[in-house]
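If you want the building blocks of each chain, they are given just below.
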Amino acid sequence: FRSWSSCGHALHHLGDFRRAEDSYRQALRLVREVDHVRYEAMILDQLGDTHHAAGKPTAAREAWQQALDLLDSGSDVRRDAIRAKLRGSPAAAAA
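Remember, predicted model here, so these are calculated numbers, not experimental data.

Asker: Mind showing me how you'd approach the side chain of glutamate 40 here?
Answerer: Among the secondary structure elements, glutamate 40 is positioned in helix H3 (residues 37-53). Glutamate 40 has contacts with Leu28, Val31, Arg32 and Leu70, leaving out every residue within four places of it along the chain.

Asker: What should I look at first to understand the side chain of glutamine 46 in this one?
Answerer: For glutamine 46, the location among the structural elements is in helix H3. One polar contact links glutamine 46 to serine 5, side chain to side chain, over a distance of 3.1 Å. Once residues lying within four places of it in the same chain are set aside, the contact partners of glutamine 46 are Ser5 and Tyr24.

Asker: Looking at this structure, how should I read the pattern of salt bridges?
Answerer: A side chain with one charge may pair with a side chain of the opposite charge, provided their charged atoms come close. Counted by the stated rule, this structure contains eight salt bridges. Between aspartate 22 and arginine 25 there is a salt bridge, with its nearest N and O atoms 3.8 Å apart. In this pair, aspartate 22 and arginine 25 are both assigned in helix H2 (residues 17-34), three residues apart and thus about one turn of the helix distant. On the accessibility criterion, arginine 25 (41% relative accessible area) is partly exposed.

Asker: I'm lost on the confidence of the model for the protein chain in this one. Help?
Answerer: When pLDDT is low, close inspection of the predicted coordinates is not appropriate. With 87% of its residues at a pLDDT of at least 70, the protein chain reaches an overall mean of 87. Mean pLDDT values for the elements of the protein chain range from 50 in helix H6 (residues 90-93) up to 96 in H2. Under a pLDDT of 50 for its full length, residues 91-95 has, in the predicted model, six contacts with residues more than four places off or in other chains.

Parameters at a glance
Residues numbered from 1 in each chain as written. Predicted model: local features only at pLDDT ≥ 70, side-chain atom pairs only at ≥ 80, totals over all residues. Heavy atoms only, no water. Helix = DSSP H or I, 4+ residues; strand = E, 2+ residues; numbered from the N terminus. Contact = heavy atoms within 4.5 Å. Polar contact = N/O pair within 3.5 Å; in protein donor to acceptor, adjacent residues only side chain to side chain. Salt bridge = Lys/Arg side-chain N within 4 Å of Asp/Glu carboxyl O. Buried < 20%, exposed > 50% of the residue type's maximum accessible area, 1.4 Å probe, protein only. pLDDT = per-residue confidence, 0-100.

Shown next, in the form of C-alpha cells:
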C-alpha cells in the first residue's frame, strides 16, 4: 500500500489528480486488507487533499471526515490538521 500511496502523492504534485485518486484508492484497498488504521487515515487525508485540489470539495470533506473518524478512535497528531481542513482553514487546505 505504501507504493500506491507514494505514487498518489507524486501524481498529485504533478497535477494528475485523476490518476492520484486511483492510486490512493488502490492503497486504501490494500491497507484495509491488513487493517492498519493509522495508514488508512493518512491515505484518506491525502485523498481528501487530492479531491480538494481537483475542485471536488464534497469528496474532499467525505475523505477527511472518514480519516478523522478513524483517528478519533485513537491518538494521532493528524487529527487537528484534518479538523482544520474540515473547518475550511485556508492554511490547512493548502497543505
